[in-house]
Amino acid sequence: MKLAVLASVVAGASAFTSTTPAFSRQGTALNAGPIKPKLQFVPCISKDELPGPGKATSGVAGGLAICIAVDEKGSVFALGDKCPPINQPLSFGKVADGCIQDPVLGTKFNLKTGAVAEGDWCTSPIGKIVGGLFEPAGVPTYSCKTKGSVVEVQVDVNYKAAFESQYWSGILDAQGKSNGKYY
């Protein structure tokens with residue numbers, strides 16, 4: 001009887017152990033180290049697409065949506081193109097007095113810092129309703145320069161890969177296998 005109990009305990013325990021040898025190594029991205037940031041100037045828009053003074057346009061640099069704004073003096077600025085709190089495009093805004101104004105909620109963002117201008121968080125009628133639910137938040141700013149016939153923006157070219165590497169992979173991942181492979 002003791003032998004039968006011992007055998008069932010061993011069989012039960014072996015059901016929960018790995019069948020792969022301890023010395024094997026899986027060659028997946030799950031074993032890779034963290035992806036380090038890599039700042040680099042990348043093309044965003046052509047010089048021909050630059051808006052006139054007091055206006056903005058949108059572009060993509062390194063997989064990020066970028067707002068290219070030109071102030072009244074002709075200086076060019078690059079900011080994130082997603083306005084908090086509801087992520088509508090900032091590139092539809094008007095540029096004046098060193099700020100760009102969100103066309104829907106009325107928030108003004110400083111062109112140099114991306115911070116919300118003093119007292120200008122969600123000032124439109126709909127903005128007062130929506131903005132009251134969220135804390136004021138700025139937008140990211142990026143260095144930019146013109147090189148040849150393009151406007152280049154300095155972004156982290158590894159940002160997208162680093163973000164995607166954080167997706168959870170396990171028994172119930174979208175691919176169905178714990179090692180990230182498809183069936």
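Please refer to the structure placed before this passage.
Residues numbered from 1 in each chain as written. Predicted model: local features only at pLDDT ≥ 70, side-chain atom pairs only at ≥ 80, totals over all residues. Heavy atoms only, no water.

**Topic: the pairing of strand β3 (residues 64-70)**
Now for step 1: Along β3, six of the seven residues are buried, which leaves the element largely enclosed by surrounding structure.
Now for step 2: Two successive antiparallel strands, strand β2 (residues 55-61) and β3, enclose a turn made up of two residues, where Gly62 displays a positive phi of approximately 60°.
Now for step 3: Direction of pairing for β3 relative to strand β4 (residues 76-80): antiparallel, over a ladder of five bridges. Counterpart to Ala69 in the pairing with β4 is Phe77.
Now for step 4: The hairpin turn running from β3 into β4, its antiparallel successor, is five residues long, and Gly74 in that turn takes a positive phi close to 95°. (Buried < 20%, exposed > 50% of the residue type's maximum accessible area, 1.4 Å probe, protein only. Helix = DSSP H or I, 4+ residues; strand = E, 2+ residues; numbered from the N terminus. Pairing = 2+ DSSP bridges.)

**Details of the sheet that holds β4**
Now for step 1: Taking strand neighbours across the sheet as the criterion, the four strands line up as β2-β3-β4-β10 in an open arrangement whose pairing is antiparallel. Both edges of this open sheet fall to β2 and β10 (141-142), since each of them pairs with a single strand only.

**Details of the sheet that holds strand β12 (residues 150-156)**
Now for step 1: Pairing in this open sheet of three strands is antiparallel, and the strands run β1-β12-β11 from one edge to the other. Unpaired on one side and paired on the other, β1 (39-46) and β11 (144-147) mark the two borders of the sheet. Averaged over all pairs of adjacent strands, the angle between strand axes in this sheet comes to 35°, irrespective of strand direction.
Now for step 2: Across four bridges, the pairing between β11 and β12 is antiparallel. For Thr146, the partnering residue across the bridge sits in β12 and is Val151. (Axes fitted to C-alpha atoms, helices over the stretch in contact; angles between N-to-C directions.)

So far we have only geometry, and geometry alone does not tell us how the molecule works.
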